[in-house]
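Spelled out from the first residue to the last, the chains are:
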Amino acid sequence: MNTTDRTPADLLRSALAADPARPLVTFYDDATGERVELSVATFANWVAKTANYLQGDLAAEPGDRLALLLPAHWQTAVWLLACSSVGVVADVGGDPGAADLVVSGPDTLEEARACTGERVALALRPLGGRFPQAPQGFADYAVEVPSQGDRFAPYTPVSPQDPALAVDGRELTGAEVVAAALADAAERGLTEGSRLLSGLPYDSWAGLSAGLLAPLAVGGSVVLCRNLDRPAADGLAQREESERVTHRAV
């Protein structure tokens, strides 16, 4: 981490400057057989496109609250960093009725309709596929985001002292998110080049940290697994070997 890393978005910028080609997020969904590997550069490109969409088309501003109703998934990780880039508070599993906008997966659409602001839906299909037909009242992320710009600049600089993440009933500033991620990385023994396999859900700080933030903070990477109860034990062992996993959080 550089001394200028004061927000989660800063962590990604430093990772991009250090080694854009290295893997950052490798995602498995054991219910569908999906595997997606994103390098730092590819992940940062998705973050930039999503941040441009959030700031431009959705007119989100620093301090706005986004109810994030998504499971552990590479696209969820993208949204977390996009929110940090814009200065929007990512409220994980938050109340859509109290949010300025909502981002929902296919299983929480009815709950998400309580939001009176902008609504975005993700199909969470393999290869980032779109809905066969967009849910009524929602924009389809897979339709709207690919055409967005590959570089992002916030209209207003994001302060590390501003709220950035709401999870587990508490609200953290960007600086607090970075500090907590670094502390978790130290506790887990993560260092540059560490590769952490996480099967934890994204509904708690522990899951967000293990599944993205702690490895990112120290120059490591994550093997993010959804539906990890599906593969046989020997299949998981083979995955750990093939992915060169150094640490586990399951």
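Attention in this report is confined to the structure presented alongside it. (Residues numbered from 1 in each chain as written. Predicted model: local features only at pLDDT ≥ 70, side-chain atom pairs only at ≥ 80, totals over all residues. Heavy atoms only, no water.)

## A short note on the environment of D184
Piece 1. Position of D184 among the secondary structure elements: in helix 6 (residues 174-188).
Piece 2. By relative accessible area, which is 18% here, D184 ends up buried.
Piece 3. Counting along the chain gives 33 residues from D184 to A217, while the straight-line C-alpha distance between them is 9.6 Å.
Piece 4. D184 has contacts with W205, S209 and A214, leaving out every residue within four places of it along the chain. (Helix = DSSP H or I, 4+ residues; strand = E, 2+ residues; numbered from the N terminus. Buried < 20%, exposed > 50% of the residue type's maximum accessible area, 1.4 Å probe, protein only. Contact = heavy atoms within 4.5 Å.)

## What to know about the pairing of strand 6 (residues 118-121)
Piece 1. Pairing of strand 5 (residues 101-104) with strand 6 involves four bridges; the strand directions are parallel. Along strand 6, the bridge assignment pairs V102 with R119.
Piece 2. Pairing of strand 6 with strand 7 (residues 139-140), which is carried by two bridges, proceeds in the parallel orientation. Looking at strand 7, one finds that A121 is bridged to D140. (Pairing = 2+ DSSP bridges.)

## Quick look at the packing of aromatic side chains
Piece 1. Here the structure, examined in full by the defined rule, presents three aromatic pairs.
Piece 2. Where W46 meets W74, the ring centres are 5.2 Å apart and the plane angle is 70 degrees; that geometry is what we call edge-to-face. Taken together, the residues W46 in helix 2 (residues 40-57) and W74 in helix 3 (residues 74-86) connect sequence positions 28 residues apart.
Piece 3. By relative accessible area, W46 is classed as partly exposed at 22%.
Piece 4. Three or more aromatic residues joined by ring pairs make a cluster, and in this case those are W46, W74, W79 and Y141.
Piece 5. In this arrangement the basic side chain of R119 is found over the ring face of F138, its NZ or CZ atom lying 5.8 Å from the centre. (Phe/Tyr/Trp six-rings, centres within 6.5 Å; stacked < 30°, edge-to-face > 60°. Lys NZ or Arg CZ within 6 Å of the ring centre and 35° of its normal.)

## A look at unusual backbone geometry
Piece 1. Here L124, not a glycine, exhibits a phi torsion of approximately 60 degrees, which is positive.
Piece 2. The backbone phi angle of N227 is positive, close to 60 degrees, even though this residue is not glycine.
Piece 3. Using a relative accessible area of 25% as the deciding quantity, one classes N227 as partly exposed.

## Some words on the sheet that holds strand 11 (residues 221-226)
Piece 1. With mixed pairing, five strands are arranged side by side in an open sheet as 2-1-11-10-12. Lying at the two open borders of the sheet, with one neighbouring strand each, are strand 2 (34-39) and strand 12 (247-249). Each adjacent strand pair in this sheet contributes to an overall mean axis angle of 15 degrees, direction not counted.
Piece 2. Relative to strand 11, strand 1 (residues 23-29) runs parallel, the two sharing five bridges. In the strand pairing of strand 11, T26 is matched with V223.
Piece 3. Of the strands in this sheet, strand 1, strand 10 (195-198), strand 11 and strand 12 touch helix 7 (residues 205-217), which is tilted by about 175 degrees from strand 11. (Axes fitted to C-alpha atoms, helices over the stretch in contact; angles between N-to-C directions.)

## Some details on the state of the cysteines
Piece 1. Enumeration according to the criterion identifies zero disulfides in this entry.
Piece 2. Between C115, a free cysteine, and C83, which holds the nearest cysteine sulfur, the sulfur-to-sulfur gap is 13 Å. (Disulfide = S-S within 2.5 Å.)

## Here's the deal with the nonpolar core
Piece 1. One finds F43, L54, L66, W79, L80, L165 and L212 to be the most contacted residues of the largest nonpolar core, which totals 55 residues.
Piece 2. Ranked by residue count, the leading element in this core is helix 3, at nine residues.
Piece 3. When residues no more than four places from it in sequence are discounted, the contact partners of L54 are A59, A60, L66, W79, A82, C83, V86, V88 and L101. (Core = buried A, V, L, I, M, F, W, Y, C linked by side-chain atoms within 4.5 Å.)

## Let's talk about the sheet that holds strand 4 (residues 89-92)
Through backbone hydrogen bonds, the strands of a sheet pair up, either in parallel or in antiparallel fashion.
Piece 1. Taken in spatial order, the seven strands of this open sheet run 7-6-5-3-4-8-9, and their pairing is mixed. At either end of the open sheet lies a strand with only one pairing partner, and these are strand 7 and strand 9 (170-173).
Piece 2. Contacts from helix 7 reach strand 4, strand 8 (163-167) and strand 9 within the one sheet, and its direction differs from that of strand 8 by about 120 degrees.

## Details of helix 1 (residues 8-18)
Given 3.6 residues per turn, any residue in an α-helix points the same way as the ones three and four places further on.
Piece 1. For helix 1, the complete set of buried residues consists of P8, A9, D10, L11, L12, S14 and A15.
Piece 2. Looking at the buried residues of helix 1, the elements they touch are strand 1, helix 2, helix 3, helix 6 and helix 7.

## Looking at the side chain of S39
Piece 1. For S39, the position within the fold is in strand 2.
Piece 2. Of note is the side chain of S39, whose polar atom sits 3.1 Å from the side chain of T42.
Piece 3. Aside from chain neighbours lying at most four places away, what touches S39 is P20, A21, R22, P23 and L24. (Polar contact = N/O pair within 3.5 Å; in protein donor to acceptor, adjacent residues only side chain to side chain.)

## What to know about the pattern of salt bridges
Where charged atoms from two side chains of opposite charge come close, those side chains can pair.
Piece 1. Inspection of every chain in the model, using the stated rule, returns 12 salt bridges.
Piece 2. Notably, a salt bridge pairs E243 with R35, separated by 2.9 Å at the nearest N-O pair. Linking E243 in the loop between helix 8 (233-242) and strand 12 with R35 in strand 2, this pair joins segments that are 208 residues apart in sequence.
Piece 3. Of the residues examined, R35 reaches a relative accessible area of 41% and is grouped as partly exposed.
Piece 4. With its nearest N and O atoms 3.1 Å apart, the salt bridge here joins R113 to E110.
Piece 5. You can call E110 exposed: its relative accessible area is 61%. (Salt bridge = Lys/Arg side-chain N within 4 Å of Asp/Glu carboxyl O.)

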